[in-house]
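Okay, here's what each chain looks like letter by letter:
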Amino acid sequence: MAKDKKKKPSKELPLGFVDRQEKELLIRDFVISNIKEVMIKYGFQYLETPSFEYTDSIGKFLPDKDRPDQGVFSFKDENKWLSLRYDLTAPLARYVAKNYLEIPKPFKRYQLGSVWRNEKPGPGRFREFLQFDADYVGTKNLQADAELCVLISEILEKCGLDKTDYTVKISSRKFTDKLFKELNVTSQDQISITLRALDKIDRLGWEEAKKLLGEGRKDNSGDYTKGAKLKEEQIKKIEDALKNKLANSEDVIEIIKIFKTYNFENYKFDPSVIRGLEYYTGPIFEVNLNFEVRNSKGKNIQFGSIGGGGRYDNLVSNFGNLDCPATGISIGIDRLVFALMQKKDFKIKNKRPIVICVFDKDKIKEYVQILTTLRASNISSEIYPGEGKLKKQMEYANKIGSPAVILYGEDEIKSGKITLRNLVTGNENSVKINDLTNEIKKIF
RNA sequence: GCAGCAGUAGCUCAGUUGGUUAGAGCACUAGUUUGUGGAACUAGGGGUCGGUGGUUCGAAUCCACCCUGCUGUACCA
């Protein structure tokens, strides 16, 4: 006897990973089909790169540690470290460097794929998520940057958002570089802390973020964050620069000019847009939603941006002596879907099958005949796949959301007619076999 | 990573001076209805009380550590 109680495997999922159900997947499919349509229209190539890359190829140079988990999932294969990609931009840079001579310049490609981040998940943020990424590689032309913003907004509107629902914010590294020069701030440490603080203005408000420019800030949980320790007058100048909202870096001015030619107006210059510190070199963009998003408990949450990007003129050259400027934008598809599900009441056409009830297993031939007829007319249908009484079959059909059930038992076979029960109204119709598909089409 | 709160059935939760065999609603299964779902009634199944260790005659309840979730915060290519 099995007296030694075996330890059962856990039915829980690893931290930050989720099962996704049909409703979400159908909306995701809808979003993806909109993306593909727009990308084809804008002339981008479709590309796919693998999930794993050599760790150093995607910008992680690992210290000699057993487990390189600085935000990425990694393992050692033979003697080389591999990592799951954490975005689609770094693999693109690797791809371009590898295929530099063959690809057209400029190179426009888009990609859809899962990325993985080994970090703390939050509302609508997981450790595995689907990302969309579009890039222009090999051009300094700022029309590329402008067009990325235009294209992203076309995608969002195709997905059902209004102009008031989202804003594309733009700024530039050049703007902050200039600012630091004026302020005479040269310490890399101070610059980093200041940039991070600016990035937080949206969330914390100016007054709180200001503390991070000075001594530091204690948050609600009691945690203390060290500040940039800037002088009063320096902070004042930053405040003025932010409040003026004057785009005085040439690249942003140029992009805004291009926006006008596209009649694109749903942008906002916002110097508090910072993005990652590592590789952006010029214009940066961020897409923000303007409506409230709730978590599973109905509470409003800080949702943050659903995507962003910018110019990274040095990334490709990391792989060699290639002078290859580039610019790109990404969207977190799952986060967009999470928000969309709350914003719009999607009428998803998930056609559930008509269920043909089984009265008598010996009559399977007749059932398959009906089934074949329905499927030939492209009507989603199935013979009840389980075993059990009619009641159980009805309960099944009800549960899966089937629009109707076909009853074909002894009585029907005798009279040569099929009973069609509409599960929404509860009405039953006796129909001739030849009329069945037409009757069913009326229900859909 | 740091901090606050939480974890009892598939789900939502009740259950304190620590005391027999741990409860409810919904869901599930079977029946009332041998060919009829979404209502009702009856019966039934289902829990290592997040985990491990400790205190105690006795722990869902007290203590320690850990895991997981939520919220904020830090980092985020």
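(A) Representation of unusual backbone geometry within the structure. Of note, the amide linkage connecting K105 to P106 takes the cis form, showing an omega dihedral of -5 degrees. Backbone geometry places N184, a non-glycine residue, at a positive phi of 65 degrees. Position of N184 relative to the elements: it lies in the loop between α4 (173-183) and α5 (188-199). On the accessibility criterion, N184 (60% relative accessible area) is exposed. For N378, which is not glycine, the phi dihedral falls at a positive 65 degrees. As for its placement among the helices and strands, N378 is situated in the loop between α11 (364-376) and β17 (381-383).

(B) Examining the pairing of strand β15 (residues 326-332) more closely. In terms of residue burial, β15 counts as a mostly covered element, since seven of its seven residues are buried. Burial of β15 is two-sided: the residues A326, G328, S330 and G332 facing one way and the residues T327, I329 and I331 facing the other way are all buried. Looking at chain direction, strand β6 (residues 128-137) and β15 are connected through seven bridges and run antiparallel. Counterpart to F132 in the pairing with β15 is I331. Relative to β15, strand β14 (residues 305-311) is paired through five bridges, and the arrangement is antiparallel. Following the sheet pairing, G309 is matched in β15 by I329.

(C) The arrangement of the pattern of salt bridges in detail. Here the structure, examined in full by the defined rule, presents 24 salt bridges. For K243, the salt bridge goes to E239, with nearest N and O atoms at 2.8 Å. Of the two residues, K243 and E239 both sit in helix α8 (residues 232-244), four residues apart, roughly one turn of that helix. We classify K243 as exposed; its relative accessible area is 55%. The partner of D313 in a salt bridge is R311, and the shortest N-O contact between them spans 3.0 Å. Because the salt bridges share partners, they merge into one network encompassing R20, E24, R28 and D334.

(D) Focus on the confidence of the model for chain A. On average, residues of chain A score 87 in pLDDT, and 91% of them are at 70 or above. Low pLDDT, under 50, characterises residues 1-6; the predicted model gives this stretch zero contacts beyond four residues in sequence or across chains. Long-range and interchain partners of residues 62-67, a stretch whose pLDDT sits below 50, account for eight contacts in this model, where long-range means more than four residues apart.

(E) Seen up close, the pairing of strand β5 (residues 107-116). Taken across its ten residues, β5 has eight buried, putting it largely inside the fold. Alignment of strand β1 (residues 45-46) against β5, held across two bridges, turns out to be parallel. What sits directly across from Y46, in β5, is Y110.

(F) Representation of the packing of helix α3 (residues 142-158) against helix α9 (residues 250-261) within the structure. At a minimum axis separation of 9 Å, α3 and α9 run at an interaxial angle of 55 degrees. Taken together, the axes of α3 and α9 lie oblique to each other. Note that α3 runs across α9; the crossing there is right-handed. Packed against α3, whose contacting residues are L142, Q143, D145, A146, C149 and V150, the element α9 presents D251, E254, I255, I258 and F259 at the interface. The class makeup of the residues in the contact of α3 with α9 is seven nonpolar, one polar and three charged.

(G) Broad picture of the environment of Q143. Within the secondary structure, Q143 sits in helix α3. Accessibility expressed as a relative area gives 35% for Q143, which makes it partly exposed. Spatially, the C-alpha atoms of Q143 and K257 are 9.7 Å apart, while their sequence positions differ by 114 residues. Each residue touching Q143, except ones within four places of it in the same chain, is listed here: I258 and Y262. Polar contacts involving the side chain of Q143 include one to the side chain of Y262, which spans 2.9 Å.

(H) Examining the nonpolar core more closely. Judged by nonpolar contacts, the single largest core of 52 residues is most densely connected at M39, F44, F132 and I170. Element by element, the count of residues in this core is highest for α3, at ten residues. Ranked by size, the runner-up nonpolar core spans 25 residues in total, among them V358, I383, A404 and Y408.

What counts and how
Residues numbered from 1 in each chain as written. Chains lettered and ligands numbered in written order. Predicted model: local features only at pLDDT ≥ 70, side-chain atom pairs only at ≥ 80, totals over all residues. Heavy atoms only, no water. Helix = DSSP H or I, 4+ residues; strand = E, 2+ residues; numbered from the N terminus. Buried < 20%, exposed > 50% of the residue type's maximum accessible area, 1.4 Å probe, protein only. Pairing = 2+ DSSP bridges. Salt bridge = Lys/Arg side-chain N within 4 Å of Asp/Glu carboxyl O. pLDDT = per-residue confidence, 0-100. Contact = heavy atoms within 4.5 Å. Axes fitted to C-alpha atoms, helices over the stretch in contact; angles between N-to-C directions. Parallel < 35°, antiparallel > 145°, perpendicular 65-115°, else oblique. Left-handed = near helix turned anticlockwise from the far one by under 90°. Nonpolar A, V, L, I, M, F, W, Y, C, P; charged D, E, K, R; others polar. Polar contact = N/O pair within 3.5 Å; in protein donor to acceptor, adjacent residues only side chain to side chain. Core = buried A, V, L, I, M, F, W, Y, C linked by side-chain atoms within 4.5 Å.

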